[in-house]
Amino acid sequence: MGDATVTTREGPEEAVPHLVAERTGPGLLRRLRTPRRPRLWFEILLIAVSYWTYSLIRNAVPEQRAQALSNADWLWRLEHALGIAVEESVNHAVNGVTWLIVGMNYYYATLHFVVTLAVLVWLFRRHPGRYAATRLVLFVTTGVALVGYYLYPLAPPRLMTNTGFIDTVLAHDTWGSMASGDLKNMSNQYAAMPSMHIGWSVWSGLTIFILARTPWVRVLGLLYPVATLVVIVATANHFWLDAVGGLICLAFGYAVARLWYGALPYRLPQAVPERPGAAKPPSPGAGVAPAPAAAEEEENPPVPARAPSGP
């Protein structure tokens, strides 16, 4: 026997193993663990409130400047010991190309939000069955990052003393980072570990690469987190190891979604499954009254013709 498949409007796809929700008893928990069609008004409200809460908590974490600078010095020495401390060289090389570094400043400030929201909208419209689970990954990843900001305050390279890092936003007088220039008082400057620019960009890139069908779009999905990594280093906003921290948070987010839904988000059905007890459409031909002629023939069967009698 071949592998079981389910057919969607876009073609056959692998049948999903029995989800945790299907093995859970009745009640609220089962309903929460069953993918359902997201409601637009609820998602807008949820994302707005979640981001407001994230910003509030992130900025409420004590800055602990002395500890953050001490942690940055230790991390910088660790990268030297590992032979990966090239952030300063990248920062100086890119800073020498004005149009490139200015573009990276704006990239750092905008695409982090624009691409993430665009992927959420795409999931909402094209993959409603996978939307909630994939969104859960993003939320858990961000929640774990908040814990990291509190437990491990870290100064970004551009704020370190006794180093040659260049704050590219200040150097080129661009609106780039919420932690530089006139906007620096609106954000906690010592929340560099883990890097959510990497956590969110890898989440976006993986989602696009796995679910998109157009080859060049899938390639862009892979290139996006790579470009983001170059940007956060070139603008002196993060160390390489901050990116590793973001990946660890993202892995934890996928693990939580896997445990909750019984499958990775991308393995869930694209379409929202029917709710139990929902009326099913009639099968072709079911409930259709017989044609009048056929009904009449059943009620008045034809009388066989008699053979003509002889003379």
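Please refer to the structure placed before this passage.
The following refers to the structure shown. Quantities reported herein were computed from a predicted structural model and do not represent experimental measurements.

1. Thoughts on the environment of Met193
Phase 1: On the secondary structure map, Met193 appears in the loop between helix 8 (168-172) and helix 9 (196-211).
Phase 2: With relative accessibility at 15%, the residue Met193 sits in the buried group.
Phase 3: Here the alpha-carbon distance between Met193 and Pro156, two residues 37 residues apart in the chain, equals 8.7 Å.
Phase 4: Sequence-distant contacts of Met193, that is, excluding residues within four places in its chain, are made with Leu75, Gly148, Tyr149, Tyr152, Leu154, Leu241, Asp242 and Gly245.

2. Remarks on the packing of aromatic side chains
What describes a pair of aromatic rings is the distance from one ring centre to the other and the angle between the planes of the rings.
Phase 1: Taken as a whole, this structure holds 6 aromatic pairs when the rule is applied.
Phase 2: Relative to Trp200, the ring of Phe113 has its centre 6.4 Å away and its plane inclined at 80°; by these criteria the two rings are edge-to-face. Note that Phe113 is positioned in helix 6 (residues 98-126) and Trp200 in helix 9, a separation of 87 residues in sequence.
Phase 3: A residue is classified by how much of its surface remains accessible, and Trp200, at 8% relative accessible area, is buried.
Phase 4: Measuring from centroid to centroid gives 6.1 Å for Tyr254 and Tyr266, while their planes differ by 55°, and the two rings are tilted. With Tyr254 in helix 11 (residues 240-261) and Tyr266 in the loop between helix 11 and helix 12 (292-299), this residue pair connects regions lying 12 residues apart in the sequence.
Phase 5: Judged by its relative accessible area of 12%, Tyr254 is buried.
Phase 6: Its relative accessible area of 13% is what places Tyr266 among the buried residues.
Phase 7: Over the face of the ring belonging to Phe139 we find Arg135, whose NZ or CZ atom lies 5.8 Å from the ring centre.
Phase 8: Sitting over the ring of Phe209, Arg218 keeps its end group 4.3 Å from the ring centre.

Basis of the calculations
- Residues numbered from 1 in each chain as written.
- Predicted model: local features only at pLDDT ≥ 70, side-chain atom pairs only at ≥ 80, totals over all residues.
- Heavy atoms only, no water.
- Helix = DSSP H or I, 4+ residues; strand = E, 2+ residues; numbered from the N terminus.
- Buried < 20%, exposed > 50% of the residue type's maximum accessible area, 1.4 Å probe, protein only.
- Contact = heavy atoms within 4.5 Å.
- Phe/Tyr/Trp six-rings, centres within 6.5 Å; stacked < 30°, edge-to-face > 60°.
- Lys NZ or Arg CZ within 6 Å of the ring centre and 35° of its normal.

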